[in-house]
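Summary of structural features
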Number of protein chains: 2
Amino acid sequence: MSGTNRQIRLAARPVGEVKPEDWEHVTEPATAPGEGRFAGRTRFISLDPAMRGWLDDRPSYLPPVGIGEVMRAGSVIEVTESEHPGFQPGDHVVGTFGVQEYVVSDGKGVLKVDPALAPLSTYLGALGMPGMTAYFGLLDVGDLKEGETVVVSGAAGAVGTMAGQIAKVKGCRVIGIAGGADKCAMLTGELGFDAAIDYRADDVRKALRELAPDGVDVYFDNVGGDILDAVLTRLALHARVVICGAISQYNNETQVQGPSNYLSLLVRRARMEGFVVFDYAPRFGAAARELAGWIATGRIKVKEHVVSGSLDDFPATLQMLFRGENVGKLVLELT
Amino acid sequence: MSGTNRQIRLAARPVGEVKPEDWEHVTEPATAPGEGRFAGRTRFISLDPAMRGWLDDRPSYLPPVGIGEVMRAGSVIEVTESEHPGFQPGDHVVGTFGVQEYVVSDGKGVLKVDPALAPLSTYLGALGMPGMTAYFGLLDVGDLKEGETVVVSGAAGAVGTMAGQIAKVKGCRVIGIAGGADKCAMLTGELGFDAAIDYRADDVRKALRELAPDGVDVYFDNVGGDILDAVLTRLALHARVVICGAISQYNNETQVQGPSNYLSLLVRRARMEGFVVFDYAPRFGAAARELAGWIATGRIKVKEHVVSGSLDDFPATLQMLFRGENVGKLVLELT
């Protein structure tokens, strides 16, 4: 193997929004895989809100990305060279391979995928971590039951589009909260949500009062902040608030805004629960098969936002997430 | 029946701390019970943190006390006159009879109690709502398991003293948080808590780091505010945060302080859940029998703070709660 590997490494811990100078663009020689390993070229890189948390030096469910380390990311690679019996050139593999063009792997914790069954990018979205997050967050943590009223925030994002559609498959009434009229029209049109609230234009609390007069049974929260507080005022008895993320708070330079209305958990005998999708890994296969079935029959539509470019486009593409510029799963395709 | 009834009625909705002028001291003629009813004299009146919430005009688990209405309170009365077949003069009865000297009741929703089995005041504390709140909050909502580490805030209060001791009976390691060295010494001495943190003198977060190095499995929260935020930083995996109350926030004139560290629920796969003790009413009898057994065998000690006086002492006695001046269950005995 000869040639080079380009990488995006963390240069400095960001304060607030991630800035271009927080990244280092590095070129290093590409090394041959060696025995028991394979090498590949990166095709698609996943961009996720959780990435912001990985950059902060505080205890979390994964250690922070170290200064000087390649940025952590899920990606789909195409195997180019292999000294591993389980992988052949031409195979496509999903794993946490990082933001780099060239990858060497021993095959642990990775998954071979078939581009004939679904577009490669889908393995980072609907059939990947965002799909798993929506599936287990809603069905296991949220303990969703048929006929319930479900509210999803960040509803036009990778997880939100899936969570809302899974709730529809399960026979629930679904209200999405998203930023902008276009996203809201997409939710109620193409994706079949029962209603959508544009948090930039609407009074969320008033809209919820009208759209969910009997209260919210399950709230799938991707955003935190004022929207979480608004939904807390509208909980039904025994409601479940699923804490999936808090994108509105990730770039805060001061402390996170806590939910001032949390005492409605007491009044409504409700619970708020967090989860980390990796805990459900033993059930990913079964969940992916069920999701793939719903996709194949058109009950769930896959929304992806593919940015085609080079590795150097990673920083700007990541910013799109925090500015709400993507619809559905955001991926960077290396062309 | 002749004579008069003295009552404490709500004169105005308090803003912040309840002030003397928010109450009206009224004397009205006492009326005979009439057919199917009984009348009685109030012996003990319960004072509870939840009373502050009942004074605010906002949706909750009970309607607010109306302006001009007798203040809601649990009490023990002694029957003086009866035209109800189930109650005889000399009987003692617990019910939500309100802050008044003379009570007429049709017997619905009340409970006859036996002063030979326990002091009358205990039916408002360890064997009453505070005992039930500790029991169901810890065992049902908190899903407590033997060997776990439990933290109780407001630990020297009516609910806290019971919650901590129940957790000890269940074989847990118990850390109490209370205000003042005397209260803390009482917790670790007389009540057998494993450790106590004086939130007025100690750095709660630091103390928890030392006292619960492996994290907190169940946090029974009576106080909210900064202490809730401190415990959230120390949750064990799959921890349960039981939201019983938030006495630090009840007199706020601005909005409630939301828990800024609520995202640790996600990192620690933990849940925060509220409850209202009245939901467990069908099981009160069985719980009271179990608690009475633990009290009889000395495994649980009953802590009561009895203020002896007249009905006019109610407003000042209520203030003691919010100033943390009571140890254990606070009751007003009419002498």
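Residues numbered from 1 in each chain as written. Chains lettered and ligands numbered in written order. Predicted model: local features only at pLDDT ≥ 70, side-chain atom pairs only at ≥ 80, totals over all residues. Heavy atoms only, no water.

Labelled according to an unreviewed UniProt entry, chain A appears under the name NADP-dependent oxidoreductase, originating from Kitasatospora indigofera.

Let's talk about helix 2 (residues 129–141) of chain B
Residues and elements named next belong to chain B. Compared with an ideal rise of 1.5 Å per residue, which puts 13 residues at 18 Å, helix 2 spans 16 Å between its outermost C-alpha atoms and falls more than 12% short. Of all 13 residues in helix 2, 11 are buried; the element is thus mostly enclosed. P130, G131, M132, T133, A134, Y135, F136, G137, L138, L139 and V141 are the residues of helix 2 that are buried. (Helix = DSSP H or I, 4+ residues; strand = E, 2+ residues; numbered from the N terminus. Expected span 1.5 Å × (residues − 1). Buried < 20%, exposed > 50% of the residue type's maximum accessible area, 1.4 Å probe, protein only.)

Description of the domain arrangement of chain A
Residue and element names in this part refer to chain A. Along its sequence, chain A is organised into domain 1 (4–125 + 303–334) and domain 2 (129–278). Taken over C-alpha atoms, the centre of domain 1 sits 28 Å from the centre of domain 2. Every contact between the two is made by 20 residues of domain 1 and, on the other side, 18 residues of domain 2. Approximately 1500 Å² of surface area, both sides summed, lies buried where domain 1 meets domain 2, with 62% of it carried by carbon and sulfur atoms. A per-residue breakdown of the area domain 1 buries against domain 2 is headed by Y61, K303 and F322, which together make up 29% of the total. Inspection of the domain 1/domain 2 interface yields 1 salt bridge. Between K303 and E190 there is a salt bridge, with the nearest N and O atoms lying 2.9 Å from each other. (Domains from an automatic or database assignment. Contact = heavy atoms within 4.5 Å. Buried area = accessible area lost by both parts, 1.4 Å probe. Salt bridge = Lys/Arg side-chain N within 4 Å of Asp/Glu carboxyl O.)

Some details on the interface of chain B and chain A
Of the residues lining the interface, 30 residues belong to chain B; the matching set on chain A comes to 30 residues. Overall, the association of chain B and chain A removes approximately 2500 Å² of surface from exposure, summing both partners, and the carbon and sulfur fraction of that is 64%. Across the chain B-chain A interface, the total number found is 2 salt bridges. Notably, a salt bridge pairs R269(A) with D279(B), separated by 2.6 Å at the nearest N-O pair. The interface formed by chain B and chain A holds 7 residue pairs in polar contact (both at pLDDT 80 or more) in total. Of all elements in the fold, only helix 6 (225–232), helix 7 (264–267) and strand 13 (271–274) of chain B reach the threshold of two or more residues within the side of chain B that touches chain A. A class-by-class count of the residues in the side of chain B that touches chain A yields 16 nonpolar, 9 polar and 5 charged. Sheet analysis places strand 13 (residues 271–274) of chain A next to strand 13 of chain B, joined by 3 bridges and oriented antiparallel. Its bridge partner lying in strand 13 of chain B, M272(A) is registered against M272(B). (Polar contact = N/O pair within 3.5 Å; in protein donor to acceptor, adjacent residues only side chain to side chain. Nonpolar A, V, L, I, M, F, W, Y, C, P; charged D, E, K, R; others polar. Pairing = 2+ DSSP bridges.)

Description of unusual backbone geometry
Across residues other than glycine, the phi torsion is negative in most instances, and most of the peptide bonds are trans. Residue and element names in this part refer to chain A. Positive phi is not limited to glycine here, since D143 has a value of about 50°. Topologically, D143 is positioned in the loop between helix 2 (129–141) and strand 8 (149–153). You can call D143 partly exposed: its relative accessible area is 35%. Positive phi is not limited to glycine here, since R269 has a value of about 50°.

Some points on the relation of the copies chain B and chain A
The two copies are related by a screw motion: chain B maps onto chain A through a turn of 180° and a shift of 0.0 Å along the axis, at an RMSD of 0.0 Å. Given the turn and translation reported, the copies of this chain are related as if by a two-fold rotation axis. Residues of chain B ranked by C-alpha distance from the rotation axis are headed by G258(B), positioned 2.1 Å from it. A high fraction, 100%, of the interface residues of chain B reappear at the interface in chain A, so the copies pair face to face through one surface. (Least-squares fit on C-alpha atoms with pLDDT ≥ 70 in both.)

Digging into the pattern of salt bridges
Residue and element names in this part refer to chain A. Enumeration over the complete set of coordinates arrives at 34 salt bridges over all chains. With a closest N to O distance of 3.5 Å, D91 and K112 form a salt bridge. With a gap of 21 residues between them, D91 in the loop between strand 4 (75–82) and strand 5 (92–95) and K112 in strand 7 (residues 111–113) connect regions that are remote in the sequence. Among the residues examined, K112 registers a relative accessible area of 44% and is labelled partly exposed. Residues D143 and K145 are paired through a salt bridge, measuring 3.4 Å at the closest nitrogen-oxygen approach. The partly exposed category is assigned to K145, whose relative accessible area is 40%.

So, the sheet that holds strand 11 (residues 216–221) of chain A
An order of 10(A)-9(A)-8(A)-11(A)-12(A)-13(A)-13(B)-12(B)-11(B)-8(B)-9(B)-10(B) is seen for the 12 strands of this open sheet, with the pairing classed as mixed. Taken across any chain shown, the strands that pair with only one partner, and hence form the sheet edges, are strand 10 (195–198) of chain A together with strand 10 (195–198) of chain B. Between one strand and the next, the sheet's axes are offset by a mean angle of 15°, whatever the strand orientation. Relative to strand 12 (residues 235–243) of chain B, strand 11 (residues 216–221) of chain B runs parallel, the two sharing 5 bridges. Within strand 12 of chain B, the residue paired with F220(B) across the bridge is V242(B). Here helix 2 of chain A sits on the sheet in contact with strand 8, strand 11, strand 12 (235–243) and strand 13 of chain A, set at roughly 150° to strand 11 of chain A. The sheet strands contacting helix 4 (residues 181–188) of chain A are strand 9 (173–178) and strand 10 of chain A, and the helix crosses strand 10 of chain A at an angle near 170°. (Axes fitted to C-alpha atoms, helices over the stretch in contact; angles between N-to-C directions.)

Re the side chain of D56(B)
Residues and elements named next belong to chain B. Residue position: D56 is located in the loop between helix 1 (50–54) and strand 4 (75–82). On the basis of relative accessible area, D56 is assigned to the buried category, the value being 14%. If we ignore the near neighbours within four places in the chain, the residues touching D56 are R13, P14 and P64.

Observations regarding the state of the cysteines
If you walk through the whole model with that rule in mind, you get 0 disulfides over all chains. Among the cysteines around C172(A), which has no disulfide bond, C244(A) carries the closest sulfur, lying 17 Å off. (Disulfide = S-S within 2.5 Å.)

Side note on the nonpolar core
Generally speaking, soluble globular proteins have nonpolar side chains that are buried together. By size, the foremost hydrophobic cluster in this structure holds 60 residues, and its most contacted members are Y219(A), V231(A), M272(A), Y219(B), V231(B) and M272(B). Those residues within four positions of M272(A) in sequence are excluded, and the remaining contacts are L228(A), L232(A), V241(A), I243(A), P259(A), L265(A), Y262(B), L265(B), A270(B), R271(B) and M272(B). Among the nonpolar cores identified, the runner-up in size contains 50 residues, and F44(A), L124(A), L139(A) and L144(A) belong to it. (Core = buried A, V, L, I, M, F, W, Y, C linked by side-chain atoms within 4.5 Å.)

Notes on the pairing of strand 11 of chain A
Residues and elements named next belong to chain A. Counting buried positions along strand 11 yields 6 of 6 residues, so the element is predominantly enclosed. Bridge count for strand 8 against strand 11 is 3 bridges, and the pairing is parallel. Along strand 11, the bridge assignment pairs V150 with V218. Each parallel crossover has a hand, and the one from strand 11 via helix 6 (residues 225–232) to strand 12 is right-handed. (Right-handed = clockwise from strand over helix to strand, strands pointing away.)

A word on helix 3 (residues 158–169) of chain B
All names here are of chain B. For helix 3, built from 12 residues, the straight-helix expectation of 16 Å at 1.5 Å per residue is met to within 8% by its first-to-last C-alpha distance of 17 Å. The buried fraction of helix 3 is high, at 11 of 12 residues. Burial in helix 3 covers these residues: A158, V159, G160, T161, M162, A163, G164, Q165, I166, A167 and V169. Following helix 3 by one or two positions, G171 has its phi on the positive side, about 80°.

Structural notes on the pairing of strand 3 (residues 38–46) of chain A
Residue and element names in this part refer to chain A. Most of strand 3 sits out of view: 7 of its 9 residues are buried. With 7 bridges joining them, strand 3 and strand 4 adopt antiparallel strand pairing. In the strand pairing of strand 4, A39 is matched with E81. Pairing of strand 3 with strand 6 (residues 102–105), which is carried by 4 bridges, proceeds in the antiparallel orientation. By the bridge assignment for strand 6, G40 is matched with V103. Both strand 3 and strand 15 (residues 329–334) contribute to a ladder of 3 bridges, which runs antiparallel. If you follow F44 over to strand 15, its bridge partner there is E333.

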